[in-house]
Amino acid sequence: MEDEVDRLVAAWRRERPDLDVEPLEVLSRVSRLARHLDRARRIAFSEHNLEPWEFDVLTSLRRAGAPYQLSPGQLLTQTLVTSGTMTNRIDRLTKKNLVERLPDPSDRRGVLVRLTAEGRDKADQSLAGLLAQERAILSELSRHQRGELASLLRQLTAPFDNIPG
């Protein structure tokens, strides 16, 4: 079965036979798949009236376990955004009654961000929708193939995820 990347690679091999375009065979597919995943995620989230960034914050809090709260700094680490961006996101989620700010009992100047009951329900429902979308995307692969692919992708992503600072 031929895909768009096969056509792209063939064209580059014809036009630039002096270059080794083999990396395109893997990474162009990863890039195209990322765009398809982004589209599927946006659909899954829109069914729950969420933006992708809202899903990221809500599910970070949900994964934290009861009482489903984190400091803004912990949320920064998990969602890879700046402090100003996180403040804006927390403000917007607070207005939607999906999170609340609480004083941090261990730091008089600090705050904790906690999921509301509505936020927890929204996180749970949107995660279920996302998993259904992603299961459909992976349906062409056997369980063994999915495991093998996950392992290979881990080898590529781990060095990026473990860069200090």
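This one's a predicted model, so the numbers in the text were calculated from it and none came from an experiment.

(A) Structural detail: the overall build of the protein chain. Helices and strands together make up the secondary structure of the protein chain, namely seven helices and three strands. For the protein chain, the N- to C-terminal ordering of α and β elements is α-α-α-β-α-α-β-β-α-α. What you see for the protein chain is a C-alpha radius of gyration of 20 Å, clearly larger than the 15 Å of a compact globule of 165 residues, by over 25%. Per-residue burial for the protein chain yields a buried fraction of 25% across its 165 residues. Contacts in the protein chain between residues at least 24 apart in sequence constitute 45% of all its contacts with a sequence separation of at least 6.

(B) Inspection of the packing of aromatic side chains at higher detail. Applying the stated rule across the entire model yields one aromatic pair. Ring geometry for Phe45 versus Phe55: centroids 4.2 Å apart, planes at 25°, classification stacked. Separated by ten residues along the polypeptide, Phe45 in helix α2 (residues 22-46) and Phe55 in helix α3 (residues 52-63) bring together distant segments of the chain. This pair shows no difference in class: Phe45 is buried, exactly as Phe55 is.

(C) Examining a nonpolar patch on the surface more closely. There is a patch of nonpolar side chains on the surface, built from Val26, Leu27, Val30, Leu149, Leu153 and Leu156 and spanning about 470 Å² of accessible area. Looking at the nonpolar patch, the elements that each hand over two or more residues are α2 and α7 (143-161). Examined against the element boundaries, Leu27 turns out to sit in helix α2.

(D) How the structure looks around the pairing of strand β2 (residues 99-104). Direction of pairing for β2 relative to strand β3 (residues 107-115): antiparallel, over a ladder of six bridges. Paired with Val99 across the bridge in β3 is Leu115. The turn joining β2 and β3, which pair antiparallel and follow one another in sequence, is formed by two residues.

(E) Region of interest: the UniProt feature "domain: HTH marR-type" (unreviewed entry) in the protein chain. The UniProt record annotates "domain: HTH marR-type" (unreviewed entry) at residues 23-158. Within residues 23-158, the helical portion is 69% and the strand portion 12%, while the C-alpha atoms at the span's ends are 18 Å from each other.

(F) Looking closely at unusual backbone geometry. The step from Ala66 to Pro67 runs through a cis peptide bond, and the omega angle for that step is 10°. Its place among the elements puts Pro67 in the loop between α3 and β1 (69-70). Its identity is not glycine, yet Asn97 carries a phi of approximately 60°, on the positive side. Along the polypeptide, Asn97 turns up in the loop between α5 (83-95) and β2.

(G) Quick peek at the nonpolar core. If you look at the biggest cluster of nonpolar residues, it comprises 20 residues, and the most contacted ones within it are Leu58, Leu61, Leu75, Leu93 and Val99. Among the elements of the structure, α2, α3, α5, β3 and α6 (117-137) are those that each provide at least two residues to this core. Here Leu93 is in contact with Trp53, Glu54, Val57, Leu58, Leu98 and Val99, once residues within four sequence places are set aside.

(H) Structural context of the sheet that holds β2. Spatial strand order, β1-β3-β2: three strands in an open sheet with antiparallel pairing. Among the strands making up the open sheet, the edge pair consists of β1 and β2.

(I) Structural view of the packing of α3 against helix α4 (residues 72-79). Orientation of α3 relative to α4, taken along the N-to-C sense of each, is 115°, at an axis distance of 10 Å. Classified by the interaxial angle, the pair formed by α3 and α4 is roughly perpendicular. Handedness of the α3/α4 crossing: right-handed. Every residue of α4 that contacts α3 at Asp56, Val57, Ser60, Leu61 and Arg63 is listed here: Leu75, Gln78 and Thr79. Across the contact of α3 with α4, the residue classes break down as three nonpolar, three polar and two charged.

Reading the values: rules and limits
- Residues numbered from 1 in each chain as written.
- Predicted model: local features only at pLDDT ≥ 70, side-chain atom pairs only at ≥ 80, totals over all residues.
- Heavy atoms only, no water.
- Helix = DSSP H or I, 4+ residues; strand = E, 2+ residues; numbered from the N terminus.
- Rg over C-alpha atoms; globule rule 2.2 N^0.38 Å.
- Buried < 20%, exposed > 50% of the residue type's maximum accessible area, 1.4 Å probe, protein only.
- Contact = heavy atoms within 4.5 Å.
- Phe/Tyr/Trp six-rings, centres within 6.5 Å; stacked < 30°, edge-to-face > 60°.
- Patch = residues over 30% accessible without salt bridge, like charges linked within 9 Å, V, L, I, M, F, W, Y side chains within 5 Å.
- Areas by Shrake-Rupley, 256 points an atom, 1.4 Å probe, with all protein chains shown as cover.
- Salt bridge = Lys/Arg side-chain N within 4 Å of Asp/Glu carboxyl O.
- Pairing = 2+ DSSP bridges.
- UniProt positions renumbered as here; feature names shortened; annotations may be inferred.
- Core = buried A, V, L, I, M, F, W, Y, C linked by side-chain atoms within 4.5 Å.
- Axes fitted to C-alpha atoms, helices over the stretch in contact; angles between N-to-C directions.
- Parallel < 35°, antiparallel > 145°, perpendicular 65-115°, else oblique.
- Left-handed = near helix turned anticlockwise from the far one by under 90°.
- Nonpolar A, V, L, I, M, F, W, Y, C, P; charged D, E, K, R; others polar.

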